[in-house]
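Residue-level structural notes
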4 protein chains.
Amino acid sequence: MSDVKKVVLAYSGGLDTSVIVKWLQETYNCEVVTFTADIGQGEEVEPARAKAQALGVKEIYIEDLREEFVRDYVFPMFRANTIYEGEYLLGTSIARPLIAKRLIEIANETGADAISHGATGKGNDQVRFELGGYALKPGVKVIAPWREWDLTSREKLMAYCEEHSIPVDFSNKKKKSPYSMDANLLHISYEGGILEDPWAEAEEDMWRWSVSPEAAPEQPTYVELTFEKGDIVAIDGETMKPHEVLEKLNKLGGDNGIGRLDIVENRYVGMKSRGCYETPGGTIMLRAHRAIESLTLDREEAHLKDQLMPKYAEVIYNGYWWSPERRMLQAAIDETQKSVSGVVRMKLYKGNATVVGRKSEQSLFDESIATFEDDAGAYNQKDAEGFIKLNALRLRIAAGKGRQQS
Amino acid sequence: MSDVKKVVLAYSGGLDTSVIVKWLQETYNCEVVTFTADIGQGEEVEPARAKAQALGVKEIYIEDLREEFVRDYVFPMFRANTIYEGEYLLGTSIARPLIAKRLIEIANETGADAISHGATGKGNDQVRFELGGYALKPGVKVIAPWREWDLTSREKLMAYCEEHSIPVDFSNKKKKSPYSMDANLLHISYEGGILEDPWAEAEEDMWRWSVSPEAAPEQPTYVELTFEKGDIVAIDGETMKPHEVLEKLNKLGGDNGIGRLDIVENRYVGMKSRGCYETPGGTIMLRAHRAIESLTLDREEAHLKDQLMPKYAEVIYNGYWWSPERRMLQAAIDETQKSVSGVVRMKLYKGNATVVGRKSEQSLFDESIATFEDDAGAYNQKDAEGFIKLNALRLRIAAGKGRQQS
Amino acid sequence: MSDVKKVVLAYSGGLDTSVIVKWLQETYNCEVVTFTADIGQGEEVEPARAKAQALGVKEIYIEDLREEFVRDYVFPMFRANTIYEGEYLLGTSIARPLIAKRLIEIANETGADAISHGATGKGNDQVRFELGGYALKPGVKVIAPWREWDLTSREKLMAYCEEHSIPVDFSNKKKKSPYSMDANLLHISYEGGILEDPWAEAEEDMWRWSVSPEAAPEQPTYVELTFEKGDIVAIDGETMKPHEVLEKLNKLGGDNGIGRLDIVENRYVGMKSRGCYETPGGTIMLRAHRAIESLTLDREEAHLKDQLMPKYAEVIYNGYWWSPERRMLQAAIDETQKSVSGVVRMKLYKGNATVVGRKSEQSLFDESIATFEDDAGAYNQKDAEGFIKLNALRLRIAAGKGRQQS
Amino acid sequence: MSDVKKVVLAYSGGLDTSVIVKWLQETYNCEVVTFTADIGQGEEVEPARAKAQALGVKEIYIEDLREEFVRDYVFPMFRANTIYEGEYLLGTSIARPLIAKRLIEIANETGADAISHGATGKGNDQVRFELGGYALKPGVKVIAPWREWDLTSREKLMAYCEEHSIPVDFSNKKKKSPYSMDANLLHISYEGGILEDPWAEAEEDMWRWSVSPEAAPEQPTYVELTFEKGDIVAIDGETMKPHEVLEKLNKLGGDNGIGRLDIVENRYVGMKSRGCYETPGGTIMLRAHRAIESLTLDREEAHLKDQLMPKYAEVIYNGYWWSPERRMLQAAIDETQKSVSGVVRMKLYKGNATVVGRKSEQSLFDESIATFEDDAGAYNQKDAEGFIKLNALRLRIAAGKGRQQS
């Protein structure tokens, strides 16, 4: 373990990663560089500086990555209407590639030969951090303390703190919750505690970002979202940066009880786990994106997107953002978004995010053809006969030859 | 046109299909057999008998197909979590194969050489009826009056009625609505009228099966759904037949403002159209089915199902229920449902159908492994290192050889 | 039929399309523009000029499109290793989009309002010509004489010629063959005649581009093909233009008895048909392209390409080159080809095109890791245990809970 | 290491696995059960008995699994036209699930708590053995000596033999080859040696099962293969058991220089490797199966099979035969094979396996419709116009609205 000289740690400023700083210094006898990012988790990141300094860290990186996070990760993912296993909007998954990229970039800047993180050996996040790290810097050494050390219980961790004079008020307040939580601009997640029983209903006071539908206003909120090439660029006519869009939608969604989710999901490491998620803005965004696509995408490209989406979601969930297959899928997805521009009008009310209107200069909706009224010859109904007859030909031949039909 | 001897007509008892009876008799100088089915559209079918008799029809089929419809069509489709274009639950599409099958069976019983229906030349339903007809009886003659006659306006239709003494009170009351509507146990649909402008919000008084979320009760309703092999067999512990399940869920959903949908969809005949749908029971069922699968399906079969689903939905939407590709996909889907049994607990509240618990004797959720607490060695965290390293190997090799990484 | 003013005809100079010139002039009383292209069919195109003039055509387009054909259509298609139904290299399909595009461009240049072609109403080519035409000029009028006229037998056609003084030596010599044939730089096809019996073996004298394996030289020919970004740019070190590459490979393949194919295929219009094809150069190219990809593509992008390929082949076979779904798939495919560069060495011998070596500066083959000898720690075999254990976890949990395993 | 009581070893009788017997006895102080199977590798299995006895083994299983191997593994796989990465017929992959199953069954019979195999830590076979083992007996202990011991060079192995009095003539003669080889009824494979350079051509004397095309007879061999439900049941009219079919085809193929393959493939563990394979019978079988399907499968099920095949191949290659996803895919594939019956006539000549005829009572080829001659109205060419127009509608609308077309 003597061969690590300097390690860059994804540092939250909380108790666990503070222990890791000390443990890395001791165990590897190496220098630790901390990296703390604001990706919209809703807590100050600046306090991490003093904590890191108190632990003897000399190179401290504290960064606001909110805009980059939404622009280069969240938005591209939403262009595919990405959902994992029919339900999950990938709020945790999509934040990891950016963290991994910055860890490696900082390692390159500071001459570090290793990176480290505070994810456990049971979850998906270790995979996402490490696959990203290896893909971007193949010779990097990865240190995953939770897979190595013996501080496997809260008691041992506390004893370690006492022994090493790590102030326990480093403890992130969130961690006092009975749940394991993770947050960024796209979502907040809850695992553990009573949730480990899939039959148990989540308690109301667990949720932090949204009111319950019951507690939401009696009056609906209407909002108009303007898309350009698949991304939202304005809300109610006001142009915004990507992260401002998501912040605004989180506020609107949270206020109206939108975006709560309670699921059992399949982790990449092979087990099922139960998680609850709040994704207020993302839930609105997904609905709206489908609506603008319904007007502006060709049928066949839309269907092909739907067929590719589960694979794309799996690639991201499993941690392969930095991979050739993700780039390949992204190329296909982005090719379709050139014309995905226009406005979607939504009604937000007590948990419901409902599309009530959509319009676009790129619209492929042709009222003159679709109409139930006289279409003045825009569509020749007689064409349908040949269309059906030739589409039926293979079935008719098979039936005529006595092949099973039902 | 003299070569048709007898034609079986899908007869609703409404004005349009009554006109068709007369028009077929006149135009083809042939006998007409009427077939009227109760598939849960919410209207009496027995009155169709007198109307058909008044039109001189001698062979009149009136049938209650509700159980068969849900058991053999709706339930198999829901096993795949089927959604067309991310939103539509295929309520109209799934009813057509059964109608087509009965038309052909009745043609065989009555010695008819043709079938007929009242669908227009612009829509999907003509395709679904006729593909089914051709697949099941390849030599059948199909007569689609709306593609042939010149009664292309309401005025001409009325003139025809007057001329042929067809009482206009045959007119289905629904048809007085400004919308083109279709209903069965799974859903009711609305098209036309102001909906032809995709920007226009649907009017509240259009909806017939559900109260608005605003008007729904202030108290949530909890319900427990029991699945066996992918199908719901009991509600709150009470065993029910398939159509009783759907009727009950429609009531529960409709009362709680659940299942309204407003979309622009791509028709098989090549145009976009705007439709509104109410699918109260189906919306609950889909959510619940995914929840029981989340506990009982293996990850890889679940993901494969998700990848196949858009194709399966397309096959049904386009009218290919009676096709080898549908049977092939169904075989794969049904293979996965053997263990999809258990109970899902849902909360229904003002438009929201939320899963709050799921349990199953077939559960693959392993609490001893998933736990955040000490797992007593059920899972060896050190395994994750090798797992990640080998999964990263191809990426590391590529990066080591200078290949693009981001 | 009086509303067509000018029509651009895909004119081969043969008897059938010469009859069409006259028939169009007579039937539509319109001006005819002829378009004849050299796409490598192996016949002079210049003689078409005099023939067209003799028929009174004033605007005559004769063009050499060989380079464009291979560069913009054949090569992009081969980047996907495209095969239809496991066997067919799409030689006819890939030539149609270019013809359709030029027909429309010439229509725009000459102010024509219609296009016409000599394909029958039973085949795929009518679909490909017309889908292309409609996609590129939505208001164009398409005239398909074989679907309209009554010259449905050879006798009627001959009578028409006599009546209209069309010299029968316009008859293309190929057409004296008992087969319906089509040729371009990628392939020559044969249909009809004794081939209509799928059990009958094709006669040796049918084949025109290749010797039989029996008649091929006793000595193998070795050839080295240099790829850049997925396309062949040099043969045995000599840089060539795309069409020169294909011409050279056709010669090499044909001389060595390579590229004959005898299949039953499924047409888009719904029937099965039997066809024989000679694709000497394409057969070599496909094998070589897979070989260079085997060295330079990442595993996951290679697998994803393989999964998308059948759809891409279907899109091209069915005539949707000019479609959003083709562009979307092409974007994904082309994204993967950036590093597909290097050299493949092949042995050509009596029908066999065998890869015997491949090398690339972009190679992802890592001899130090792959070796059966001591790898000096490049690969840690112990990693495999964790890799396997976590990949097995879902299976172990299922088996532990008594789930069916075999 | 004391907790293993009895281990079942996949024992070839060769030097390596003989060393493993001794090493297991010593290292784990446990009883070893040997299992040796004839799966058509072309060597006597009975001699393994004496060798095992000499090593002190008391429970010795020697079995002829050839019929089961072909019937339950090879044939089902060929129903899908399975090819990995466009070239590889999965000869090694498909034998592993059967070995794994028997290892586990024997473990259950003998009360063993562990299984062991002689595969290295770099390859796919360890994964296939172990995934199978874990899936069928989740609590089984797996011992992979090559990942554990330090006998990592030939010298150390020989020293171990000398030290433990293992006669070196246990050495399998094949192993004196410079290649790492594996054989069963489906194929023989070669890796290592000069093949580790992908540019180096394989030497002629490496190949063992086939003559070179050059050395094959000057006269072609014709053969007729009879299929029932997707499997070959007779050759030239003679009914045979599955393994007899494959033995006969191997002979025919090998004699005619058919089935050699030289590729670079992507292993599941993340590296590329170069392998040469001889699959004489399989190569003929694949071609023939596609031919009989071309006549008897519906177009859409055939295309869907082609789209699913790469995934199915990946599942088998990666070792997931005993998995829910394989069963799911198999259900879909088998559903399509009910009508895949008939006869294929093939010509075998100097490396070429060419289909020259196919016939079937289940044929969907309709000569009366496909004919170039007068079809007496079986097909109405005018239907094609409507077919094309509606298929073009979405493209026309898009073009009419100025959307990009090329």
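Computed from a predicted model, the values in this text were never measured in an experiment. (Residues numbered from 1 in each chain as written. Chains lettered and ligands numbered in written order. Predicted model: local features only at pLDDT ≥ 70, side-chain atom pairs only at ≥ 80, totals over all residues. Heavy atoms only, no water.)

1. Considering the overall build of chain A
To keep it simple, the criterion reads: Secondary structure counts use DSSP, requiring at least four H or I residues in a row for a helix and at least two E residues in a row for a strand, with both numbered from the N terminus. Remark: exposure states derive from per-residue accessible area (1.4 Å probe, protein chains only) relative to the maximum for the residue type, with buried under 20%, exposed over 50%, and partly exposed in between. Pairs of residues are marked as contacts when any of their non-hydrogen atoms sit within 4.5 Å. The method behind every accessible area is Shrake-Rupley, applied with a 1.4 Å probe, and residues are considered shielded solely by the protein chains displayed. Only four residue types enter the tally: Lys and Arg on the positive side, Asp and Glu on the negative side, with His and both chain ends excluded. The atoms used to mark charge sites are NZ of Lys, CZ of Arg, CG of Asp and CD of Glu.
In terms of regular secondary structure, chain A is built from 13 helices and 14 strands. Counting every position in chain A, which comprises 406 residues, the buried fraction comes to 69%. Taking as baseline every contact in chain A between residues at least 6 positions apart, the subset at least 24 positions apart corresponds to 74%. For chain A, the exposed area adds up to about 13,700 Å²; of that, 46% sits on carbon and sulfur atoms. Here chain A holds 51 positive side-chain charges and 65 negative ones, and the gap between their average locations is 3 Å.

2. Side note on the UniProt feature "binding site: L-citrulline" (unreviewed entry) in chain A
All names here are of chain A. As a reminder, the rule being used: UniProt positions are given in the numbering used here, feature names are shortened, and annotations may be inferred rather than shown by experiment. For this analysis, a polar contact is any N or O atom pair within 3.5 Å, provided that within protein one partner can donate a hydrogen and the other can accept it, and provided that sequence-adjacent residues contribute only side-chain to side-chain pairs.
Here the UniProt-annotated "binding site: L-citrulline" (unreviewed entry) positions come out as Y88, S93, N124, R128, S180, S189, E265 and Y277. Among the secondary structure elements, S93 is positioned in the loop between helix 3 (66-78) and helix 4 (96-110). Checked against the element boundaries, R128 lands in helix 5 (residues 125-136). A residue is classified by how much of its surface remains accessible, and R128, at 5% relative accessible area, is buried. Among residues more than four places away in sequence, those in contact with R128 are T92, S93, R96, A100, I316, Y317, N318 and G319. In terms of polar contacts, R128 uses its side chain to reach the side chain of S93, at 3.3 Å.

3. What about helix 9 (residues 280-296) of chain A?
As a reminder of what qualifies: The span you would expect from a helix comes to 1.5 Å times its residue count less one.
Helix length check: helix 9 of chain A (17 residues) gives 25 Å between terminal C-alpha atoms against 24 Å at 1.5 Å per residue, within 8%. For helix 9 of chain A, the tally of buried residues reaches 15 of 17 residues, placing the bulk of the element in the interior.

4. Comments concerning the sheet that holds strand 12 (residues 272-278) of chain B
Residue and element names in this part refer to chain B. Spelled out, the test is: When DSSP finds at least two bridges between two strands, those strands are taken to pair. Every axis corresponds to a line fitted to the C-alpha atoms, with the helix fit spanning only the stretch in contact, and the corresponding angles, defined between N-to-C directions, vary from 0 to 180 degrees.
Strand order in the open sheet formed by four strands is 6-7-12-11, with antiparallel pairing between adjacent strands. Edge positions in the open sheet fall to strand 6 (180-183) and strand 11 (260-266), since each of these has one partner strand only. Neighbour-to-neighbour, the strand axes of the sheet open up by a mean angle of 25°, direction not taken into account. As defined by bridge partners, strand 11 adjoins strand 12 across seven bridges and the pair is classed as antiparallel. The partner of V264 across the bridge, within strand 12, is R274.

5. Overview of the pattern of salt bridges
Here is the rule: Only one rule defines a salt bridge in this text: a Lys or Arg side-chain nitrogen within 4 Å of an Asp or Glu carboxyl oxygen.
Counted by the stated rule, this structure contains 145 salt bridges over all chains. With its nearest N and O atoms 3.0 Å apart, the salt bridge here joins D375 of chain A to K122 of chain B. In this pair, D375 of chain A is assigned in the loop between helix 12 (367-370) and helix 13 (383-400) and K122 of chain B in the loop between strand 4 (114-116) and helix 5 (125-136), connecting two distinct chains. Between K251 of chain D and D255 of chain D there is a salt bridge, with its nearest N and O atoms 2.6 Å apart. Here D255 of chain D and K251 of chain D lie together in helix 8 (residues 242-255), a separation of four residues that amounts to about one turn. Residues joined in a network through salt bridges with shared partners are E63, E68, K101, R102, E105 and E109 of chain D.

6. Details of the UniProt feature "binding site: L-aspartate" (unreviewed entry) in chain A
The positions that UniProt labels "binding site: L-aspartate" (unreviewed entry) are, in the present scheme, T120, N124 and D125 of chain A. Positionally, T120 of chain A belongs in the loop between strand 4 (114-116) and helix 5. Among residues more than four places away in sequence, those in contact with T120 of chain A are Q126 and W146 of chain A together with Q381 of chain B. From its side chain, T120 of chain A meets the backbone nitrogen of K122 of chain A in a polar contact 3.2 Å long. In this structure, D125 of chain A sits in helix 5. Taking the relative accessible area as the measure of exposure, D125 of chain A reaches 18% and is therefore buried. Beyond its immediate stretch of four places on either side in the chain, D125 of chain A contacts T92, R96 and A119 of chain A.

7. As for the interface of chain B and chain A
How we decide: Summed over both partners, the accessible area lost on bringing two parts together, with a 1.4 Å probe, is the buried area.
Facing 104 residues of chain B, the contacting portion of chain A comprises 105 residues. Roughly 9,500 Å² is buried in total at the junction of chain B and chain A, and carbon and sulfur atoms are behind 55% of that figure. Three residues stand out in chain B for area buried against chain A, namely E196, W199 and K272 of chain B, and they jointly supply 9% of the buried area on that side. Counting the contacts that link chain B with chain A gives twelve salt bridges.

8. A closer look at the relation of the copies chain A and chain D
Operational definition: Copies are brought into register by a least-squares superposition over C-alpha atoms of residues with pLDDT of at least 70 in both.
Rotating chain A by 180° and moving it 0.0 Å along the rotation axis overlays it on chain D with an RMSD of 0.0 Å. Each copy turns onto its partner about a two-fold axis. Within chain A, F387 of chain A has its C-alpha nearest the rotation axis, a separation of 1.8 Å. The overlap is high: 100% of the interface residues of chain A also sit at the interface in chain D, so the same surface is used on both sides.

9. What to know about the interface of chain A and chain D
The interface is formed by 28 residues belonging to chain A together with 28 residues belonging to chain D. When the buried surface of chain A facing chain D is broken down by residue, L390, R394 and R403 of chain A rank first, second and third, together holding 26% of it. Where chain A meets chain D, there are two salt bridges. Notably, a salt bridge pairs D298 of chain A with R394 of chain D, separated by 2.9 Å at the nearest N-O pair. Scanning the region where chain A abuts chain D turns up eight residue pairs in polar contact (both at pLDDT 80 or more). Counting only elements with at least two residues in the side of chain A that touches chain D, the list comes to helix 10 (299-317) and helix 13 of chain A.

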